[in-house]
Amino acid sequence: MDGCFADFAGAITERVNEVLQVQDVSEILSKSLRRAVRKAHRMGIYSVAREDFDLSLIHEPERKRVIDRMLYKIASEPGFFYSLDVMNRDLIDEIVASGRPFSFLTAPIGGAIDYSVEDKRAWVRDRLGLDVEVIVVPREQKVDYCQLGDILLDDHAGTIAEWREAGGVGIWFPHERI
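Now for a look at the structure at hand. If you're wondering where the values come from, they're calculated on a predicted model, not measured in any experiment.

On to the packing of aromatic side chains. As enumerated under the stated definition, the model contains six aromatic pairs in all. Pairing phenylalanine 5 with phenylalanine 104 gives two aromatic rings, centres 6.0 Å apart and planes at 90 degrees, and the pair type is edge-to-face. On the criterion of sequence distance, the pair formed by phenylalanine 5 in the segment before helix H1 (8-20) and phenylalanine 104 in strand E1 (residues 104-106) is long-range, its members being 99 residues apart. Each member of the pair phenylalanine 5 and phenylalanine 104 is classed as buried. Ring-pair connections join several aromatic residues into one group, and the members of that group are Phe5, Phe102, Phe104 and Phe173.

With that settled, the discussion passes to unusual backbone geometry. Note: most peptide bonds trans; most residues except glycine with negative phi. Here the amide bond leading from phenylalanine 173 into proline 174 is cis, since omega sits at 5 degrees, within 30 degrees of zero. Counting through the fold element by element, proline 174 comes out in the segment after strand E4 (169-172). Positive phi, close to 60 degrees, is recorded for asparagine 88, a residue that is not glycine. Its place among the elements puts asparagine 88 in the loop between helix H3 (61-75) and helix H4 (89-97). On the basis of relative accessible area, asparagine 88 is assigned to the partly exposed category, the value being 29%.

All right, on to the pairing of strand E3 (residues 151-154) then. Of the strand pairs in this sheet, E3 and E4 are connected by four bridges, and their pairing is parallel. By the bridge assignment for E4, aspartate 154 is matched with tryptophan 172. For the crossover from E3 across helix H6 (residues 157-165) to E4, the handedness is right-handed.

What counts, and at which threshold
Residues numbered from 1 in each chain as written. Predicted model: local features only at pLDDT ≥ 70, side-chain atom pairs only at ≥ 80, totals over all residues. Heavy atoms only, no water. Phe/Tyr/Trp six-rings, centres within 6.5 Å; stacked < 30°, edge-to-face > 60°. Helix = DSSP H or I, 4+ residues; strand = E, 2+ residues; numbered from the N terminus. Buried < 20%, exposed > 50% of the residue type's maximum accessible area, 1.4 Å probe, protein only. Pairing = 2+ DSSP bridges. Right-handed = clockwise from strand over helix to strand, strands pointing away.

What follows is the structure, encoded as structure tokens:
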């Protein structure tokens, strides 16, 4: 869902840049986020780009680690997922128009089931105007939902490989054509 139809990279880039620009880091309420920002500044990181959150790219490990700390803390804020902008609306409309049954299979941030379950369900209902099933499971469990011939659009290459091994049709979105 996020990365394919919800603009996670755009929102997280904006929010991480906001915290990186805070002049007085002690004003950041979260202790773990304060630590991550201080470490980022020590490393010379004062801004990030969408590419820092692109799962298809290889990132410098220490930079990725500190950015991911900020990502996980920010994305775990109540309402974060609900606030994501819709992207690829034309593709969603095409799927709906096909008349084929579909659902959203999505993972919570960091693999933990938490508030994001309701956030994501509300996002599909309110932002897309759809009344369809939204299944939220850790990324590693997505393959458990695969039935022969099922189609999955996902932005995580590992999930696509597992889906294909299980007999499904996996499309690494947006890198592969539909």
